[in-house]
Amino acid sequence: MSIEIRNVGKRFGDFVALDDVTLEVETGSLTALLGPSGSGKSTLLRIVAGLERPDAGSVALDGEDVTARAPQARGIGFVFQHYAAFKHMTVRKNVAFGLEIRRRPKAEVAERVDELLHLVQLHGLADRYPAQLSGGQRQRMALARALAVEPSVLLLDEPFGALDARVRKELRVWLRRLHDEQDVTTVIVTHDQEEAMDVADRIALIHEGRIQQIGEPRELYDAPANDFVMTFFGPVVRTEGGLVRPHDLELSLDERPGASEAMVARVVHLGFEVRVDLLDGNGRAFSTQLTRDEEAELELERGQIVFVSPRNGSVGTPGLGVGEELVQ
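All figures in this text were calculated on a predicted structure; none of them were measured in a lab. (Residues numbered from 1 in each chain as written. Predicted model: local features only at pLDDT ≥ 70, side-chain atom pairs only at ≥ 80, totals over all residues. Heavy atoms only, no water.)

Novice: Lay out empty space enclosed by the protein in plain terms, naming residues and giving numbers.
Specialist: Following the criterion strictly, the structure yields 2 cavities of 30 Å³ or more and no others. Roughly 50 Å³ of volume is contained in the largest cavity. Lining the largest cavity are L147, L154, L175, L178, H179, Q182, V184 and T186. Per-element accounting of the lining of the largest cavity gives the leading share, 4 residues, to helix 5 (residues 165-182). (1 Å grid on protein atoms, 1.4 Å probe; cavity = no way out; pocket = protein on both sides within 12 Å on 5 of 7 lines; lining within 4 Å. Points joined across faces, edges and corners; volume = space filled by probe spheres on them. Helix = DSSP H or I, 4+ residues; strand = E, 2+ residues; numbered from the N terminus.)

Novice: Describe the layout of surface pockets, and please don't skip the residues or the numbers.
Specialist: Here the largest pocket defines a volume of roughly 680 Å³. Lining the largest pocket we find 24 residues, and of these I76, G77, F78, R102 and V149 sit closest to its centre. Broken down by element, the lining of the largest pocket gets its largest block of residues, 4 residues, from strand 6 (residues 76-79). Counted by class, the lining of the largest pocket contains 16 nonpolar, 5 polar and 3 charged residues. (Nonpolar A, V, L, I, M, F, W, Y, C, P; charged D, E, K, R; others polar.)

Novice: Give a description of the pattern of salt bridges that names residues and reports values.
Specialist: A side chain with one charge may pair with a side chain of the opposite charge, provided their charged atoms come close. A complete count under the given rule lists 19 salt bridges for this structure. Between D114 and R92 there is a salt bridge; the shortest N-O distance is 2.8 Å. With D114 in helix 3 (residues 106-119) and R92 in helix 2 (residues 91-101), the pair connects residues that are 22 residues apart, well separated along the chain. Among the salt bridges present, the one from E194 reaches R172, with a minimum N-O distance of 3.2 Å. Of this pair, E194 sits in helix 6 (residues 193-199) while R172 sits in helix 5, and the two are 22 residues apart along the sequence. Residue classification places R172 among the buried positions, given a relative accessible area of 4%. Connected through shared salt-bridge partners, E4, R6 and E24 make up one network. (Salt bridge = Lys/Arg side-chain N within 4 Å of Asp/Glu carboxyl O. Buried < 20%, exposed > 50% of the residue type's maximum accessible area, 1.4 Å probe, protein only.)

Novice: Please give an account of the pairing of strand 10 (residues 210-215) that cites residues and values.
Specialist: Sheet topology places strand 9 (residues 202-207) next to strand 10; 5 bridges connect them, and they run antiparallel. Pairing of I203 across the sheet is with G215, part of strand 10. (Pairing = 2+ DSSP bridges.)

Novice: Provide a residue-level description of the nonpolar core, including the pertinent values.
Specialist: In terms of nonpolar packing, the biggest core is built from 46 residues, with V95, L154, I203, L205 and F233 touching the most fellow members. Examining the composition of this core, we find that 7 residues originate from one element, helix 4 (residues 135-148), more than from any other. The residues contacting L205, other than those within four sequence positions of it, are L34, G35, R210, I211, Q212, Q213, L220, F228, V229, F232 and F233. Core analysis: the next-biggest nonpolar cluster, separate from the first, contains 24 residues, I3, I76, F78 and I206 among them. (Core = buried A, V, L, I, M, F, W, Y, C linked by side-chain atoms within 4.5 Å. Contact = heavy atoms within 4.5 Å.)

Novice: Before we move on, could you go through the sheet that holds strand 13 (residues 249-252) and cite the residues and values that matter?
Specialist: With antiparallel pairing, the 5 strands of this open sheet are ordered in space as 13-17-14-15-16. Of all strands in the sheet, those bounded by a partner on one side alone are strand 13 and strand 16 (285-291). Sheet twist, expressed as the mean angle between neighbouring strand axes with direction ignored, is 45°. (Axes fitted to C-alpha atoms, helices over the stretch in contact; angles between N-to-C directions.)

Novice: How would you explain the sheet that holds strand 5 (residues 64-65) if you had to name every residue and give the values?
Specialist: One open sheet holds the 4 strands; their spatial order is 2-1-4-5, and the pairing between them is antiparallel. A single partner strand is all that each edge strand has here, and the edge strands are strand 2 (15-25) and strand 5. As judged from the 5 bridges shared by strand 1 (residues 3-12) and strand 4 (residues 56-61), these two strands associate in the antiparallel manner. What sits directly across from I5, in strand 4, is V59. This element, helix 1 (residues 41-49), spans strand 1, strand 2 and strand 4 of the sheet and lies at about 120° to strand 1.

Have a look at this one:
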């Protein structure tokens, strides 16, 4: 099922949460709504779900306007960050809840729940209660419950935000595999750039209620539409020619046309790469990233003078001068 969001606006008092937002989500795709806290991404998700009503604009599912339709009539599954589990029910009963209130036959409910518990790798924990599960297991239970009623659209609002980094990474891999198997149109809200790039087919980057860029993860990283998009996806350095990523800065021991002089402050070996911390002529700190072979060839030492220039084709919009490192 496709999702079409047209010219949506939403205010909370004087605060503009969404400002003329338009977005199309293709059937069967996994799209990430990415942005910093307060950007409007969760508000947009709730409007798609019918949990919020837009002040302007419309939402259509498969071409049918559902802007005024109640949440339960949209065929949407919704997973929140904090699970919203029924604590007095077992895992099995939690997953079965949506089917039971729709008065599905008992045999159908049992078969569907068993199928989902195997799918989310909880079949051995069906008789446990939510308090007896880990955070990752509870979130998998929440996803199984959302999938039980066979929604046409699955909406995930920061589903892994309360989990530690290792579990989040494991669940990202699991979610992508689950999506490929189920082929449900999925939209996930996250503020984690790595998470969005890891799981999503397309990313809509939102800032201050407006979409800054929509595209495949690599497109947003390699061809950012503006400075905000570029700085949001990792550190950047301003050069005389513009914004550039640390790994796109080239170091040389010999002065070259257009290169700027800098002093090596520290060389940090990070496994497969090397970070070189530098100070420019005004004492401002910035960093570059080199391969181990590049660093070995230069034989860099603290206090050494080097010359810095952007690699070919790596400069963005005009900037201020070498030495100002920006980290989002």
